[in-house]
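Inside the fold
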Amino acid sequence: MLFETYSLGNVNLRNRIVMGPMTRCRAAHPGDVPTALMAEHYAQRASAGLIVTEGAPVSPQGRGYLWTPGIYTPEQVQGWKLVTEAVHGKGGRVFVQIWHVGRVSHVSLQENGQAPVSASDVTANSQSFAYDENGQPGNVPCSPPQALTAAGIRAVVDDFRRATVNALAAGFDGVEVHGANGYLLDQFLNPGVNARRDDYGGSIPNRARLLLEVVDAAIAAAGAQRVGVRLSPHGGFNDMPEDPDTDAMVCYLAEELERRGVAYIHFMDQVSFGFKPIGEDLLREVKKRYRGTVIVCGGMSKEQGERYLAEGLADLIGFGQLFISNPDLPERLRRDAELAQPDQATFYGGGAAGYTDYPFLAD
Ligand code: PHB
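Throughout what follows, the structure given in this document is the object of discussion. Keep in mind it's a predicted model, so treat the numbers as computed, not measured.

What follows covers the sheet that holds strand β5 (residues 94-99). Strand order in the closed barrel formed by eight strands is β3-β4-β5-β10-β11-β12-β13-β14, with parallel pairing between adjacent strands. Direction aside, the axes of adjacent strands within the sheet are offset by 25° on average. Of the pairings in the sheet, the one linking strand β10 (residues 174-178) to strand β11 (residues 227-231) comprises four bridges and is parallel in character. Paired with His178 across the bridge in β11 is Arg230. In the packing of helix α8 (residues 302-310) onto the sheet, contacts are made with β13 (293-297) and β14 (316-319), and the angle to β14 comes to roughly 155°.

The description of two helices packed together rests on the angle between their axes and the distance between the axes. Put simply, helix α5 (residues 204-222) and helix α6 (residues 246-260) touch, their axes get as near as 11 Å, and they point 30° apart. Relative to α6, the element α5 lies roughly parallel. Classified by chirality, the crossing of α6 by α5 is right-handed. Between α5 and α6, the residues in contact are Ile204, Pro205, Arg207, Ala208, Leu211, Leu212, Val215, Asp216 and Ile219 and Ala248, Met249, Tyr252, Leu253, Glu256, Leu257 and Arg260, respectively.

What follows concerns the site of the ligand. Taken together, the residues surrounding the ligand are Thr23, Trp99, His178, Asn181, Tyr183, Phe237 and Tyr348. Here an oxygen atom of the ligand sits 2.7 Å away from a polar atom, N or O, in the side chain of His178. Between an oxygen atom of the ligand and a side-chain N or O atom of Asn181, the distance comes to 2.7 Å. About the coverage of the ligand: the protein hides 85% of its 280 Å² of free accessible area. Of the residues belonging to the shell around the ligand, the class tally is four nonpolar, three polar and no charged.

Let's shift gears to the state of the cysteines. Counted according to the given criterion, the structure contains zero disulfides. Free cysteine: Cys297, not disulfide-bonded; nearest cysteine sulfur from Cys25 at 18 Å.

Our focus in this paragraph is the pattern of salt bridges. Enumeration according to the criterion identifies 25 salt bridges in this entry. For the salt bridge of Arg162 with Asp159, the shortest nitrogen-to-oxygen distance reads 3.4 Å. One end of the pair, Arg162, and the other, Asp159, are both in helix α3 (residues 150-169), three residues apart, so they sit about a helical turn from each other. Classification of Arg162 as partly exposed rests on a relative accessible area of 33%. What makes Asp159 buried here is its relative accessible area of 13%. The partner of Glu285 in a salt bridge is Lys288, and the shortest N-O contact between them spans 2.8 Å. Here Glu285 pairs with Lys288, and both are found in helix α7 (residues 280-289), just three residues apart, close to one helical turn. Residue Glu285 is classed as partly exposed on the basis of its relative accessible area, which comes to 27%. It is possible to trace a salt-bridge network through shared partners that takes in Glu280, Asp281, Arg284, Arg307 and Glu311.

For the rest of this paragraph, the subject is helix α1 (residues 36-44). Every buried residue belonging to α1 is among Met38, Ala39, His41, Tyr42, Ala43 and Gln44, and all of these are buried. On its buried face, α1 is in contact with β3 (17-19), β4 (50-57) and α2 (74-89). The opening residue of α1 is Thr35, an N-cap whose side-chain oxygen sits 3.3 Å from the backbone nitrogen of Leu37.

Below, the discussion takes up the side chain of Ser59. As for its placement among the helices and strands, Ser59 is situated in the loop between β4 and α2. For Ser59, a relative accessible area of 5% puts it in the buried group. Setting aside its immediate chain neighbours within four residues, Ser59 contacts Tyr72, His100 and Asp159.

Conventions adopted
Counting restarts for each chain, with residues numbered from 1 along the sequence as it is written. Residue-level local features of this predicted model are given only where pLDDT is at least 70; pairs of side-chain atoms are given and counted only at 80 or more, and the full residue set underlies all totals for whole chains, interfaces and linings. Heavy atoms throughout the structure, all of them, feed into the side-chain values; hydrogens and water do not. Think of it this way: DSSP has to see at least two bridges between two strands before they count as a pair. The helix and strand labels rest on DSSP assignments: H or I over at least four residues marks a helix, E over at least two residues marks a strand, and numbering proceeds from the N terminus. Note on geometry: axes are C-alpha line fits, over the in-contact stretch for helices, and angles between N-to-C directions span 0 to 180 degrees. Contacts are residue-level and defined by heavy atoms, with any inter-residue pair within 4.5 Å sufficient. Angle categories: roughly parallel below 35 degrees, roughly antiparallel above 145, roughly perpendicular from 65 to 115, and oblique for all the rest. Crossing chirality is assigned from the near helix's rotation relative to the far helix, an anticlockwise turn below a right angle marking it left-handed and a clockwise turn marking it right-handed. Residue proximity to a molecule or strand is established when one non-hydrogen atom of the residue lies within 4 Å of it. Here a polar contact means two N or O atoms within 3.5 Å. Within protein one must be a hydrogen donor candidate and the other an acceptor candidate, and residues neighboring in sequence count only if both atoms are side-chain atoms. Here the open area of atoms and residues is found with the Shrake-Rupley method and a 1.4 Å probe, where only the protein chains shown may cover a residue. Only Asp, Glu, Lys and Arg are considered charged in this grouping, and only Ala, Val, Leu, Ile, Met, Phe, Trp, Tyr, Cys and Pro are considered nonpolar; every other residue, Gly among them, is considered polar. Note on terminology: disulfide denotes any pair of cysteine sulfur atoms within 2.5 Å. We define a salt bridge as a contact between a side-chain nitrogen of Lys or Arg and a carboxyl oxygen of Asp or Glu at a distance within 4 Å. Burial status follows relative accessibility: with a 1.4 Å probe on protein chains alone, a residue under 20% of its type maximum counts as buried, one over 50% as exposed, and anything between as partly exposed.

Encoded structure:
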C-alpha cells in the first residue's frame with residue numbers, strides 16, 4: 001500500500017510515503033533565509049508523496065537553533081519560493097512546518113537578550129544551538145524562560161497566522177503546526193511544564209487552548225485542508241516529563257481536530273529518539289475520533305509501515321533519517337534495495353556534504 005496514490009484534502013500524493021521534518025541548520029545568515037542548496041536538497045527527495053520541511057520559526061522569538069530557516073521576513077518567503085518551485089517542478093508536494101521552540105532557546109538568540117518564553121518559568125534541561133559565552137556557535141544549556149503574558153499569547157497566535165499567510169505566498173501546499181517534541185505548543189499541553197492558573201493551564205481543554213487557537217488561526221488563513229498538526233505523545237525529548245493524562249489529551253485533541261477538519265495529524269514516535277513508544281492502542285483510539293489522515297513517523301521500516309497501513313493505524317508513513325541518506329527512498333523501498341545510513345556529523349550546519357551528495361540508485 002505504501003506505493004499507492006492518496007488524496008490529502010485537495011492535494012494528490014503519488015505514494016503514501018512522507019519525508020518527515022528535520023532540522024538541518026543550513027539557512028543563509030544573517031537573516032535565516034532558505035537557499036538554492038536547500039531547494040536542491042528537497043527537490044532531490046520530491047519522489048516522496050509528501051515532504052514536510054524542517055521547522056521554520058514563525059518569529060525571532062520562536063528560534064532555538066542558529067541557521068534554521070524562518071518564515072517571517074520577505075527575504076525568507078523569497079527563499080522558500082526556491083524550495084516550493086523546485087519540489088513542484090519534480091512533481092512533489094510540500095508542506096512547511098511552522099515552529100515556535102518556546103523554552104528550548106537561549107538568550108543569545110532572543111531580541112535584546114530577553115529570556116525565551118514558555119507556558120511557565122520551568123527551565124528545560126536541554127540544549128539550544130546558539131552563541132556560547134565567547135560568542136562562538138555551539139550547544140548551550142537552555143536559558144530560564146519567562147511565562148507568556150496574555151498579550152504575549154495573542155502575539156504568538158498572530159505570528160503563526162502570519163507564517164501561514166507567508167507559507168501560501170511562498171507556494172507551499174500547506175502548513176504543519178509543530179505541536180510536538182517539547183517545543184512551545186507541547187510545553188502548554190504538558191502539566192509538568194505548564195503551571196498556569198489562567199485559561200491556558202489546568203484542565204485538558206485549557207492546556208490544549210493555545211495549540212487549538214494556533215490551528216484556528218492557520219485554518220482562517222489557509223483553510224483546514226491545508227493545515228496539519230504534529231504531536232509526539234509520550235515523548236520525553238527536550239525534558240518533557242511523562243504526563244499520566246497523555247492519552248486523554250490526545251483523544252481530546254483528536255476530537256477537536258476532527259471538528260475542525262484539518263488535513264492530517266502527524267504522530268512523531270519518539271521511540272526513535274530512545275523514549276516510550278506512542279503505542280498502537282492510542283493510535284486506534286485516535287482513529288475512532290478523527291476521520292482525517294493520520295501520519296505516523298519515527299523509526300519506521302517498510303514492513304512496519306505496510307502493517308500500519310494494512311491495519312488502519314495510519315494512512316501515510318513518515319520516514320526521517322533514512323531520507324537524509326537516501327534521496328530516492330521510495331524507489332529503494334519499492335525494490336527492497338540496500339539503504340544507505342546517514343552520517344550524524346553532517347546533520348546540522350555546513351553545506352552540500354551530507355546534504356545533497358548522497359547518491360541515487362544507479363539506473
Ligand atoms: C532537533 O534539532 O534535534 C530537533 C528539532 C525539531 C524537532 C525535533 C528535533 O521537532
